[in-house]
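# Architecture at a glance
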Amino acid sequence: MTQTQERLLLLVEDDDAFARTLRRSFERRGYRVLHASSAEEVAQLLQTERPHYAVMDLKLAGHASGLSCVQLLHAQNPEALIVVLTGYASIATAVEAIKLGACHYLAKPSNTDDIEAAFSRVEGTIDVDLTAATTSIKTLEWEKIHETLAETGFNISETARRLGMHRRTLARKLEKQHVR
């Protein structure tokens, strides 16, 4: 593997301003950055490129899931170090991201330092603080909603049906969590 290939990073982010900021920051650190904003663009890039690093937004435009991008890259290059970023972390999506091949899962806002540190922390650690606090009902509800959203490919109508709630009720709950 050449030095250029070793520092090739795939950035999957549909927020252009955030993508531009991350891209510049990684380029200053010596990475060559490829940018995609959809699973289709990722699939197209992977036909000619083999990135060793990736930063993927969990929720992409049009209710698309970044988890499909994790799966695509991991299938092409199981050695790739993939970090998933999300503005609304949940246990369900963290578990799925890791199962699909991500090495780390970070909540936004995360910066380049956080992401590079995650690339180097591929192995798990037993030194994580265990909290004695129980999970709140609101957190459990949000995790169940998000798990079902991920299962349905972020289809709000199908998620509402599976959860046995009205679509507008679910939309209001999502709006309160600032899910776009």
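Predicted, not measured: the structure shown is a model, and the values here were computed from it.

## Notes on the confidence of the model for the protein chain
Mean pLDDT over the protein chain stands at 83; residues scoring 70 or higher make up 85%. Overall, residues 1-5 carries pLDDT values under 50, and its contacts beyond four positions in sequence, including any with other chains, amount to four contacts.

## Digging into the environment of L106
Within the secondary structure layout, L106 lies in strand 7 (residues 104-107). Overall, the relative accessible area of 12% leaves L106 in the buried class. With 21 residues separating them along the chain, L106 and L85 place their C-alpha atoms 5.0 Å apart. Apart from the residues lying within four places of it in its own chain, the contact partners of L106 are V83, V84, L85, T86, D114, I115 and A118.

## Considerations on the packing of aromatic side chains
Considering all chains together, one arrives at three aromatic pairs under this definition. When the centroid spacing of 5.4 Å and the interplanar angle of 85 degrees are considered together, the rings of Y31 and Y53 count as edge-to-face. Residue Y31 is located in the loop between helix 2 (16-28) and strand 2 (32-36), and its partner Y53 is located in strand 3 (residues 53-57); the two are separated by 22 residues in the primary sequence. Neither residue differs from the other here; Y31 and Y53 are each classed as buried. Aromatic pair Y53 and F119: ring centres 4.9 Å apart, planes at 55 degrees, arrangement tilted. On the criterion of sequence distance, the pair formed by Y53 in strand 3 and F119 in helix 6 (residues 112-120) is long-range, its members being 66 residues apart.

## Details of helix 4 (residues 66-76)
Every buried residue of helix 4 is accounted for by G66, L67, C69, V70 and L73. Projected down its long axis, helix 4 shows its buried positions confined to an angular sector of 155 degrees, all on one face. Residue S65 occupies the N-cap position of helix 4, its side-chain oxygen lying 3.0 Å from the main-chain nitrogen of L67.

## Notes on the sheet that holds strand 7
Spatial ordering of the open sheet is given by 2-1-3-6-7, a layout of five strands whose pairing is parallel. One side of each edge strand has no neighbouring strand; the edge strands of this open sheet are strand 2 and strand 7. Sheet twist, expressed as the mean angle between neighbouring strand axes with direction ignored, is 20 degrees. Pairing analysis gives five bridges linking strand 1 (residues 8-12) to strand 2, with the strands arranged parallel. Note on strand 2: the bridge partner recorded for V12 is A36. Across the sheet, helix 6 is in contact with strand 1, strand 3, strand 6 (81-86) and strand 7; its angle to strand 6 comes to roughly 140 degrees.

Calculation notes
Residues numbered from 1 in each chain as written. Predicted model: local features only at pLDDT ≥ 70, side-chain atom pairs only at ≥ 80, totals over all residues. Heavy atoms only, no water. pLDDT = per-residue confidence, 0-100. Contact = heavy atoms within 4.5 Å. Helix = DSSP H or I, 4+ residues; strand = E, 2+ residues; numbered from the N terminus. Buried < 20%, exposed > 50% of the residue type's maximum accessible area, 1.4 Å probe, protein only. Phe/Tyr/Trp six-rings, centres within 6.5 Å; stacked < 30°, edge-to-face > 60°. Arc of directions from axis to C-beta. Polar contact = N/O pair within 3.5 Å; in protein donor to acceptor, adjacent residues only side chain to side chain. Pairing = 2+ DSSP bridges. Axes fitted to C-alpha atoms, helices over the stretch in contact; angles between N-to-C directions.

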